[in-house]
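# Structural features, examined
As a plain string of letters, each chain reads:
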Amino acid sequence: SLAGDTAQAISYFTTALQNEPDNCDLLGEFAKALYFAKRYPEAITQYNAKFTKCGSLAALDIFNLGRAYFFNKDYVNADTTFAQFIERTPSTPEGYLWRGKNAAFMDDAASPKFLAMPYYQLFVDKFGADPTKNKKGLIESYIYLGSYYASKNDVATAKANFNKALELDPADKDALELLKMMK
């Protein structure tokens, strides 16, 4: 069972770290195991312990730490962490996408300031040339951008963005629904 495997893995890391408390690889692997076990507060603690003991985190550690903060609803720390990830790996699409996703959660739902706008726009600008590889992220970005332009009553640009999403997936329910609302 997965739960049994997780408990076993965590027990393994706990024992191993008692013997080698400063082993940076071990600290990172333990944090990753906790992240994938959806034990986000513990994963955050472990990644931060690795940073404290080892002076740095691998790019993937930073990415997983950002997502751990996100799933733990700590959007401020997630934002900072995704910013660090983008700085470290500027050509990785996921950094911009997750920073956008996170910024959307930081926004005020009642009167949104569209905090995610710059990240989704950057995603499209940087990765739009490879629609096959970045399809899911582009659809998410175009829908967000379309919603932004709709809120500004720029119907033409809103429709253009929803249509770009539909070019990538003609059956996308959100894009179809939003396009219907643009009269």
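Definitions and limits used
- Throughout this document, residue positions are counted from 1 along each chain, in the order its sequence is written.
- Side-chain atom pairs in this predicted model are given and counted only at pLDDT of 80 or more, local residue features only at pLDDT of at least 70, and totals for whole chains, interfaces and linings cover all residues.
- Side-chain figures throughout are based on the complete set of non-hydrogen atoms in the structure, without hydrogens or water.
- Secondary structure is summarised from DSSP: a helix means a run of H or I of at least four residues, a strand means a run of E of at least two, and numbering begins at the N terminus for each.
- For each residue, the accessible area found with a 1.4 Å probe, counting protein chains only, is set against the maximum for its type, and the residue is called buried under 20%, exposed over 50%, and partly exposed in between.
- For this analysis, a ring pair means two rings from Phe, Tyr or Trp (six-membered ring only for Trp) whose centres lie within 6.5 Å, classed as stacked if their planes differ by under 30 degrees, edge-to-face if by over 60, and tilted for the remaining angles.
- Charge-over-ring placement is defined geometrically: NZ (Lys) or CZ (Arg) within 6 Å of the ring centre, and within 35 degrees of the ring normal.
- A residue's pLDDT is the predictor's confidence in that residue, given on a scale from 0 to 100.
- Take the buried residues of types Ala, Val, Leu, Ile, Met, Phe, Trp, Tyr and Cys, join any two whose side-chain atoms come within 4.5 Å, and each joined set is a nonpolar core.
- Only four residue types enter the tally: Lys and Arg on the positive side, Asp and Glu on the negative side; His and the chain ends are excluded.
- Whenever Lys or Arg places a side-chain nitrogen within 4 Å of a carboxyl oxygen from Asp or Glu, that contact is recorded as a salt bridge.
- By definition in these notes, contact holds between two residues if any of their heavy atoms fall within 4.5 Å.

### Things to note about unusual backbone geometry
- Non-glycine residue Lys 38 carries a positive phi angle of around 65 degrees.
- Positive phi is not limited to glycine here, since Asn 153 has a value of about 60 degrees.
- On the secondary structure map, Asn 153 appears in the loop between α8 (135–151) and α9 (155–168).
- For Asn 153, a relative accessible area of 66% corresponds to the exposed category.

### What to know about the packing of aromatic side chains
- Counted by the stated rule, this structure contains 19 aromatic pairs.
- Measuring from ring centre to ring centre gives 6.0 Å for Phe 82 and Trp 98, while their planes differ by 35 degrees; the resulting arrangement is tilted. Note that Phe 82 is positioned in helix α5 (residues 75–88) and Trp 98 in helix α6 (residues 93–106), a separation of 16 residues in sequence.
- Taking the relative accessible area as the measure of exposure, Trp 98 reaches 13% and is therefore buried.
- Among the aromatic residues, ring-to-ring pairing joins Tyr 35, Phe 36, Tyr 40, Phe 63, Phe 70, Phe 71, Tyr 75, Phe 82, Phe 85, Trp 98 and Phe 105 into one connected group.
- Against the face of Trp 98 rests Arg 67, its NZ or CZ located 5.6 Å from the ring centre.
- Across the ring face of Trp 98, the terminal group of Lys 101 is positioned such that the distance to the ring centre comes to 5.0 Å.

### Section: the confidence of the model for the protein chain
- On average, the protein chain scores 92 in pLDDT, and the residues at 70 or more come to 95%.
- Taken element by element, the predicted model of the protein chain shows its lowest mean pLDDT in helix α1 (residues 2–19) (68) and its highest in α5 (98).

### What to know about the nonpolar core
- With 24 residues, the main nonpolar core has Leu 65, Ala 68, Phe 70 and Phe 82 as its most contacted residues.
- Breaking this core down by element, the ones donating at least two residues are α1, α2 (24–36), α3 (40–54), α4 (59–71) and α5.
- Per-element accounting of this core gives the leading share, six residues, to α4.
- By size, the runner-up hydrophobic cluster in this structure holds 23 residues, among which are Ile 86, Ala 116, Tyr 119 and Tyr 120.

### A few points about the side chain of Arg 67
- Mapped onto the elements, Arg 67 comes out in helix α4.
- Of the side chains bearing the opposite charge, Glu 94 lies closest to the buried Arg 67, which forms no salt bridge; the N-O distance is 8.4 Å.
- Residue contacts for Arg 67: discarding those within four places in its chain leaves Tyr 35, Phe 36, Phe 82 and Trp 98.

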